[in-house]
Amino acid sequence: MGLFGDDFYSTKVSRRAEPEQKGKLQIIRPGGRGRGRDRWQNPRKSRSGFSSTVKVAVISSVISSIVTVTLFSFIMQPASLPLANAAGNGGGGTQTAQAADPYDRIIQAAAKVRPSVVSIVNHKTGSSLSMEDSALGSGVIFKKEDGKAYIMTNHHVVEGASDLEIVTVDGETHKAKLVGKDRVSDIAVLSVQDDKGIGPAAELGDSSKLQRGQTVLAIGNPLGLGGTLTSGIVSYTDRILPVSINQDGVYDWEQNVIQTDAAINEGNSGGALADLNGKLVGINTMKISDTGVEGLGFAIPMNEVMKTVDSLLLNGKVSRPYLGVYTVDLSNPYAPLDDEQRKDLKLPSHVDSGVVVLEASGPASEAGMKLNDVITEFDGQKITSTLDLRKYLYDKKKIGDTIEITFYRDGNAEKVSVKLTDKPE
């Protein structure tokens, strides 16, 4: 069936009409009566019949034109609506009302967010101040207050910096100062003392309202190409990825991320992930780069980012409870203990998971813990890995709390209570 239905609109020409019409396109509306009869009569035999047929054809043409224009106007009308009316959910996310042409919305959203995205130049300690010897990344202006501008980015973008600069979309360079950074969440905050020439602060969205399949934009400085825009969809809203903070092959944290297939490359880190309302919904942080892998990029959700940002603005750091143990997993697949090492621990045969203390300091040392103690429980809850240990401390405890630790020493189960403190500088 065509747009108007085959029984209403047809491009077929009656064979009896061909000599008279000389191959021109015909619009024919079948009659209501005499369906089995030929549609055309011999004009020599009936002029009135020919006249009626012409009238029907003309009327049909007019009706078809009116319907076509009406439908075209109806279809194209939403494209003229402004961005603000396209998705009035106010939260930053769900595209329940796609009122405008999606390509127009991408253009408008990019125009809104792009001035808030900057390139970050990290002049690392011991290097010259030339661009060739510097690391490049991205950042997003999220606040302008008292003549200062504040930029959020990734911790790994500013790590090891001796000097930091930001470059606006207009090409202006400004010295930046590190306000604070947090390695666990991979978030850092910079400030610029004079906000003249700095773009507007980005509008923050609600990352909890993101939906799979929603269109998002990634804006940043990939490979030094500042202001680059890519687009894609949200592939997954709350992916949990294990992270090795020290890059030693041991997973010691889990990062909650937004998965997207928008192209993210080296230098995009710290840049904006925005929705079609031009609201910031995430900070781009990493991608999976391997043979045969495409479209696996990740961003930290904005709601998670702002928890860290608020703490960095207030204290210059994120305060978390500190136990003071450096550990290795008893069942670490990347660095498994050999038979002799296990023999030295003198563990009972039923103890096959936990964390081995390699070094104790601070609260743990004061409580008497030492090398080769094997921690198996916190407050009666099983601890099987360094990841479990850290997540329990950060999610369940706060500074000043007391924690009961069950551990094995020389084959004997022991318990000790430790008061958690803030990690020293």
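Here is a short report on the structure shown in this document.

Criteria and thresholds
- Residues numbered from 1 in each chain as written.
- Predicted model: local features only at pLDDT ≥ 70, side-chain atom pairs only at ≥ 80, totals over all residues.
- Heavy atoms only, no water.
- Helix = DSSP H or I, 4+ residues; strand = E, 2+ residues; numbered from the N terminus.
- Buried < 20%, exposed > 50% of the residue type's maximum accessible area, 1.4 Å probe, protein only.
- Contact = heavy atoms within 4.5 Å.
- Areas by Shrake-Rupley, 256 points an atom, 1.4 Å probe, with all protein chains shown as cover.
- Expected span 1.5 Å × (residues − 1).
- Salt bridge = Lys/Arg side-chain N within 4 Å of Asp/Glu carboxyl O.
- Patch = residues over 30% accessible without salt bridge, like charges linked within 9 Å, V, L, I, M, F, W, Y side chains within 5 Å.
- Core = buried A, V, L, I, M, F, W, Y, C linked by side-chain atoms within 4.5 Å.
- Domains from an automatic or database assignment.
- Phe/Tyr/Trp six-rings, centres within 6.5 Å; stacked < 30°, edge-to-face > 60°.
- Pairing = 2+ DSSP bridges.
- Axes fitted to C-alpha atoms, helices over the stretch in contact; angles between N-to-C directions.

**With respect to the overall build of the protein**
1) Next: A count of helical and extended segments in the protein gives 9 helices and 21 strands.
2) Next: Burial statistics for the protein: of 425 residues in total, 41% are counted as buried.
3) Next: Taking contacts inside the protein between residues at least 6 apart in sequence as the whole, the part at least 24 apart equals 60%.
4) Next: For the protein, the accessible area works out to roughly 23300 Å², and carbon and sulfur atoms hold 50% of it.

**Describing helix α6 (residues 302–315)**
1) Next: The first and last C-alpha atoms of α6 sit 20 Å apart over 14 residues, in line with the 20 Å expected at 1.5 Å per residue.
2) Next: Listing the buried residues of α6 in full gives M302, V305, M306, T308, V309, S311 and L312.
3) Next: Looking one or two residues past α6, G316 carries a phi angle of roughly 80°, positive in sign.

**Things to note about the pattern of salt bridges**
1) Next: Tallying each qualifying case throughout the model produces 12 salt bridges.
2) Next: Residue D182 pairs with R320 through a salt bridge whose shortest N-O separation is 2.7 Å. Here D182 is found in strand β5 (residues 173–182), whereas its partner R320 is found in the loop between α6 and β14 (321–322), with 138 residues between them in sequence.
3) Next: Here the salt bridges do not stand alone but share partners, grouping K112, E203 and K279 into one network.

**With respect to a nonpolar patch on the surface**
1) Next: The grouping of Y326, L358 and L371 at the surface amounts to a nonpolar patch, some 300 Å² of accessible area in total.
2) Next: L358 gets classed as partly exposed once you look at its relative accessible area, which sits at 39%.

**A word on the nonpolar core**
1) Next: Formed by 20 residues in total, the largest nonpolar core has its most connected members in V140, M152, L280, I283, M302, V305 and V309.
2) Next: Of all the elements in the fold, those that place two or more residues in this core are β2 (135–145), β3 (148–153), β6 (187–192), β11 (272–275), β12 (279–287) and α6.
3) Next: Considering each element in turn, this core owes the most residues, 5 residues, to α6.
4) Next: Both of domain 1 (112–191) and domain 2 (205–306) provide at least three residues apiece to this core.

**Some words on the packing of aromatic side chains**
1) Next: Taken as a whole and assessed by the stated rule, the structure comprises 3 aromatic pairs.
2) Next: Plain terms: the ring middles of W253 and Y394 are 5.4 Å apart, the flat faces sit at 55° to each other, and that makes the pair tilted. Linking W253 in strand β10 (residues 253–260) with Y394 in helix α9 (residues 386–396), this pair joins segments that are 141 residues apart in sequence.
3) Next: Between F378 and Y392, the aromatic rings sit 5.7 Å apart at their centres with planes inclined by 55°, giving tilted as the arrangement. One end of the pair, F378, is in strand β17 (residues 374–378); the other, Y392, is in helix α9, and 14 residues separate them in sequence.

**Considering the pairing of β12**
1) Next: Buried residues dominate β12, accounting for 7 of its 9 residues.
2) Next: As defined by bridge partners, strand β7 (residues 203–204) adjoins β12 across 2 bridges and the pair is classed as parallel. Paired with L204 across the two strands is L280, which belongs to β12.
3) Next: Two strands pair when backbone bridges link them, and β11 and β12 are joined in this way by 3 bridges, in the antiparallel orientation.

**Some points on the sheet that holds strand β4 (residues 161–167)**
1) Next: Strand order in the closed barrel made by the 6 strands is β1-β2-β3-β6-β5-β4, with antiparallel pairing throughout. When strand polarity is set aside, the average angle formed by the axes of neighbouring strands in this sheet is 40°.
2) Next: Relative to β3, β2 runs antiparallel, the two sharing 5 bridges. Each bridged residue has a counterpart across the sheet, and for V140 the counterpart in β3 is M152.
3) Next: In the packing of α6 onto the sheet, the strands contacted are β2, β3, β5 and β6, and the crossing angle to β6 comes to about 55°.

**Some details on the environment of V356**
1) Next: Of note, V356 is situated in strand β16 (residues 355–360).
2) Next: Separated by 31 residues in sequence, V356 and V325 place their C-alpha atoms 9.4 Å apart.
3) Next: Contact partners of V356, with chain neighbours within four places excluded, come to Y326, T327, V328, L330, L337, L345, N372, D373 and V374.

**Concerning the pairing of β11**
1) Next: Burial of β11 is two-sided: the residues A272 and A274 facing one way and the residues L273 and D275 facing the other way are all buried.
2) Next: Here 4 bridges tie strand β8 (residues 215–220) to β11, and the two strands are oriented antiparallel to one another. Along β11, the bridge assignment pairs L217 with A274.
3) Next: In sequence, β11 turns back onto β12 through a hairpin of 3 residues, with G278 there showing a positive phi of about 75°.

**Examining unusual backbone geometry**
1) Next: Backbone geometry places D186, a non-glycine residue, at a positive phi of 60°.
2) Next: Considering the arrangement of structural elements, one finds D186 in the loop between β5 and β6.
3) Next: Residue D186 is classed as buried on the basis of its relative accessible area, which comes to 12%.
4) Next: Despite not being glycine, K346 has its phi angle at roughly 55°, a positive value.
5) Next: Its location among the elements puts K346 in the loop between α7 (339–345) and β16.

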